[in-house]
Amino acid sequence: MPLPPLSSEENVSLLIDTFYKKVVKDPVIGFIFTDVVSLSWEKHIPIMNRFWNSLLFGANSYSGNPMEKHIALAKKIPLTEEHFNRWLELWKTTVRELFEGPKADEAIARAANIAGIMFLKVGTKE
């Protein structure tokens with residue numbers, strides 16, 4: 001049975017919720033989100049929804065500086081290529097489990113670009 005397209009803000013919400021449920025349990029990167037940063041999920045999830053809706057659908061609802069947040073994080077803990085690769089792997093898996101089509105492909109491509117840029121700017125070479 002074909003998967004639905006990634007075509008709405010509601011889809012993005014499902015994607016983000018599903019993705020972060022995997023992230024917090026992940027043995028490679030989960031601790032960053034639960035122990036190092038101790039995110040307020042009530043605040044973080046809506047921000048991520050706005051971020052991805054802005055990227056994928058031009059929602060213009062996100063304002064912030066993700067690079068600034070990751071620079072601060074990199075001062076707390078070395079962010080390695082393994083961390084970025086795992087984040088991207090979880091993202092790709094989640095997108096592919098839930099959606100297909102051009103926007104799903106775009107979500108993966110944009111995430112790959114984000115991971116690459118973030119690693120270049122704040123990553124620690126092992």
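See the structure above.
Here the structure is a predicted model, which is why all the values come from computation and not from measurement. (Residues numbered from 1 in each chain as written. Predicted model: local features only at pLDDT ≥ 70, side-chain atom pairs only at ≥ 80, totals over all residues. Heavy atoms only, no water.)

Peer 1: Can you break down helix α1 (residues 9-25) residue by residue, with the values?
Peer 2: The terminal C-alpha atoms of α1 lie 25 Å apart, and with 17 residues this matches the ideal 24 Å at 1.5 Å per residue to within 8%. Looking only at α1, the buried set comprises N11, V12, L15, I16, T18, F19, Y20 and V23. On the buried face of α1, the contacting elements are α2 (30-36), α3 (41-57) and α5 (81-98). (Helix = DSSP H or I, 4+ residues; strand = E, 2+ residues; numbered from the N terminus. Expected span 1.5 Å × (residues − 1). Buried < 20%, exposed > 50% of the residue type's maximum accessible area, 1.4 Å probe, protein only. Contact = heavy atoms within 4.5 Å.)

Peer 1: Summarise the side chain of N53; cite the residues concerned and give the values.
Peer 2: Its location among the elements puts N53 in helix α3. Residue classification places N53 among the buried positions, given a relative accessible area of 5%. Once you skip the residues sitting within four places of it in the chain, N53 turns out to touch S8, E9, V12, G58 and A59.

Peer 1: Residue-level account of the pattern of salt bridges, with values.
Peer 2: When charged atoms on two side chains of opposite charge get close, those side chains can pair. Taken as a whole and assessed by the stated rule, the structure comprises six salt bridges. We note a salt bridge from E89 to R86, for which the minimum N-O separation is 2.8 Å. Here E89 and its partner R86 are both found in helix α5, three residues apart, which amounts to about one turn of the helix. The partly exposed category is assigned to E89, whose relative accessible area is 42%. Ionic pairing is found between E106 and K103, a salt bridge with its closest N-O pair at 3.1 Å. Taken together, the residues span about one helical turn, with E106 and K103 both in helix α6 (residues 102-122) at a distance of three residues. Looking at K103, the relative accessible area reads 28%, which means it is partly exposed. Via salt bridges that share partners, D26, R86 and E89 belong to a single interconnected network. (Salt bridge = Lys/Arg side-chain N within 4 Å of Asp/Glu carboxyl O.)

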